[in-house]
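# Examining the three-dimensional arrangement
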Amino acid sequence: MTKTWFQKNIKNIRDAGVAIEVGISLERLPDEYKSNKRFVLEAISMDPYDLEYAADDLKQDKEFILKAMEIEGLSLSGASETLRADKEVVIAAVTNNGCAIQFADPSLQGNYEVAKIAISTDPFSLVFAKSLRGDKNFILDAVKTNGLILNYASKELQADTEVVFAAVKNNGHALGYASIENLANHKVVQAALLNKDD
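Keep in mind that what you see is a predicted model, and the values were worked out from it rather than measured.

So, on to the overall build of the protein. Within the protein, the secondary structure is distributed over 14 helices and 0 strands. Order of helices (α) and strands (β) in the protein, N terminus to C terminus: α-α-α-α-α-α-α-α-α-α-α-α-α-α. Looking at the 198 residues of the protein, the share that counts as buried comes to 47%. Restricting to contacts in the protein with at least 6 residues of sequence separation, those with at least 24 account for 37%.

Ile-65, Leu-76, Leu-126, Ile-139, Val-143, Leu-150 and Val-168 are the most contacted members of the largest nonpolar core, which has 55 residues in total. Elements that contribute at least two residues to this core include exactly helix 3 (37-46), helix 5 (62-71), helix 7 (87-96), helix 9 (112-121), helix 10 (136-145), helix 12 (161-170) and helix 14 (186-194). Once you skip the residues sitting within four places of it in the chain, Ile-139 turns out to touch Leu-126, Leu-132, Arg-133, Ala-153, Leu-157 and Val-163.

Let's shift gears to the pattern of salt bridges. Within the structure shown, the criterion is met by 9 salt bridges. A salt bridge links Lys-136 to Glu-162, with the shortest nitrogen-to-oxygen separation between them at 2.9 Å. Of this pair, Lys-136 sits in helix 10 while Glu-162 sits in helix 12, and the two are 26 residues apart along the sequence. The partly exposed category is assigned to Glu-162, whose relative accessible area is 45%.

Turning our attention to the packing of helix 7 against helix 9. As a packed pair, helix 7 and helix 9 sit with axes 8 Å apart at the nearest point and diverge in direction by 15°. Our classification of the angle between helix 7 and helix 9 gives roughly parallel. Relative to helix 9, the crossing made by helix 7 is left-handed. Between helix 7 and helix 9, the contacting residues are Lys-87, Val-90, Ile-91, Val-94 and Thr-95 on the first element and Glu-113, Val-114, Ile-117, Ala-118 and Thr-121 on the second. Broken down by class, the residue content of the contact of helix 7 with helix 9 amounts to 6 nonpolar, 2 polar and 2 charged.

This brings us to the packing of aromatic side chains. Under the counting rule described, the total for this entry stands at 4 aromatic pairs. For the ring pair Tyr-112 and Phe-138, a centre distance of 5.3 Å and an interplane angle of 70° mean the geometry is edge-to-face. Linking Tyr-112 in helix 9 with Phe-138 in helix 10, this pair joins segments that are 26 residues apart in sequence. With 5.8 Å between their ring centres and 85° between their planes, Phe-124 and Phe-128 make a pair best called edge-to-face.

Their axes nearest at 7 Å, the elements helix 10 and helix 12 cross at an angle of 15°. Considering their axes alone, helix 10 and helix 12 lie roughly parallel with respect to each other. Our pair here, helix 10 against helix 12, has a crossing hand that is left-handed. Here Lys-136, Ile-139, Leu-140, Val-143, Lys-144 and Thr-145 of helix 10 lie close against helix 12, whose contacting residues are Glu-162, Val-163, Ala-166, Ala-167 and Asn-170. Taken together, the residues that form the contact of helix 10 with helix 12 break down as 6 nonpolar, 2 polar and 3 charged.

Now for helix 3. Count 3.6 residues to each turn of an α-helix, and residues three or four apart come out pointing the same way. Along helix 3, the positions that sit buried rather than exposed are Phe-39, Val-40, Leu-41, Ala-43 and Ile-44. The N-terminus of helix 3 is capped by Asn-36, whose side-chain oxygen sits 3.1 Å from the backbone nitrogen of Arg-38.

Our focus in this paragraph is the environment of Arg-133. For Arg-133, the position within the fold is in the loop between helix 9 and helix 10. Residue classification places Arg-133 among the partly exposed residues on the basis of a relative accessible area of 25%. Through-space distance from the C-alpha of Arg-133 to that of Lys-155 is 9.2 Å; in sequence the pair is 22 residues apart. The contact partners of Arg-133, leaving out residues within four places of it in the chain, are Leu-126, Val-127, Ile-139, Tyr-152, Ala-153, Ser-154 and Leu-157.

Quick look at helix 14 now. Residues Val-188, Ala-191 and Ala-192 constitute the buried set of helix 14. An end-on view of helix 14 places all buried positions within 100° of arc, on one side of the element. Those residues of helix 14 that are exposed and aimed more than 90 degrees away from the buried face are His-186, Lys-187, Leu-193 and Leu-194. Near the N-terminus of helix 14, the side chain that reaches the backbone nitrogen of Lys-187, with its oxygen 3.0 Å away, is that of Asn-185.

Each value, and the rule that gives it
- For every chain, the first residue of its written sequence is number 1, and the numbers climb from 1 along that sequence.
- Only residues with pLDDT of 70 or above have their local features reported here, since the model is predicted, and side-chain atom pairs are shown and tallied only from 80 upward, although totals for entire chains, interfaces and linings are computed over all residues.
- Excluded from the side-chain calculation are hydrogens and water; included are all heavy atoms of the structure.
- By definition, any uninterrupted DSSP run of H or I lasting at least four residues is a helix, any uninterrupted run of E lasting at least two residues is a strand, and each is numbered from the N terminus.
- Remark: exposure states derive from per-residue accessible area (1.4 Å probe, protein chains only) relative to the maximum for the residue type, with buried under 20%, exposed over 50%, and partly exposed in between.
- Any two residues whose heavy atoms approach within 4.5 Å at even a single point are treated as in contact.
- The term nonpolar core refers to a set of buried residues drawn from Ala, Val, Leu, Ile, Met, Phe, Trp, Tyr and Cys, joined through side-chain atoms within 4.5 Å.
- Whenever a carboxyl oxygen of Asp or Glu lies within 4 Å of a side-chain nitrogen of Lys or Arg, that contact is scored as a salt bridge.
- In this description, a line fitted to the C-alpha atoms serves as the axis of each element, helices being fitted only across the stretch in contact, and the angle between N-to-C directions of two axes falls anywhere from 0 to 180 degrees.
- Any angle that is under 35 degrees is reported as roughly parallel, and any over 145 degrees as roughly antiparallel; angles of 65 to 115 degrees are reported as roughly perpendicular and all others as oblique.
- Less than a right angle of anticlockwise turn of the near helix away from the far helix marks a crossing as left-handed, whereas a clockwise turn marks it as right-handed.
- Three residue categories are used. Nonpolar comprises Ala, Val, Leu, Ile, Met, Phe, Trp, Tyr, Cys and Pro, charged comprises Asp, Glu, Lys and Arg, and polar comprises the others, including Gly.
- Stacked, tilted and edge-to-face are the three classes assigned to paired rings of Phe, Tyr and Trp, where Trp is represented by its six-membered ring and a pair needs centres within 6.5 Å; plane angles under 30 degrees give stacked, over 60 edge-to-face, the rest tilted.
- For this analysis, a polar contact is any N or O atom pair within 3.5 Å, provided that within protein one partner can donate a hydrogen and the other can accept it, and provided that sequence-adjacent residues contribute only side-chain to side-chain pairs.
- For this quantity, the arc is that covered by the directions from the helix axis to the C-beta atoms.

Following this line, the structure appears as structure tokens:
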């Protein structure tokens, strides 16, 4: 394997730290830095996707990965498959950044507890929890917390008057995501107008 200029010229941890600070990816640094826990944590604080280039033993170290999730949940993308299927790790990731759910094992993307935490930190994360977008109980609970989540619900639930009413009671602007049928419902429109903060 041919060494890059960075791999040939970075002689110590200080030089490597400077390289990370100026935006050089962990991928381009010498291998000895890819197994240094402190250094890899610093690297993912600058670019969460750099965990992908860390040494395999770090990507499989649950304690280390939990620390990484505290820094940036999106670094879940570089964790081992086993840890992306570990509920504790995934909860730590989505607690930090709801969109980290996209990197979780599919079985956890559809998990109520995981998805609820994810949407509480970032409502957009529901787009990655596809199996729950059509789950009336889940969406009904979610729109009571943040009405704008209606935007990510299935078309069927955007047409469900009970779901839409709960969404507009929380945030009148959710009416913009309701089906046309609900726009003609006086009760829904009135609730939206009463709960519309400009």
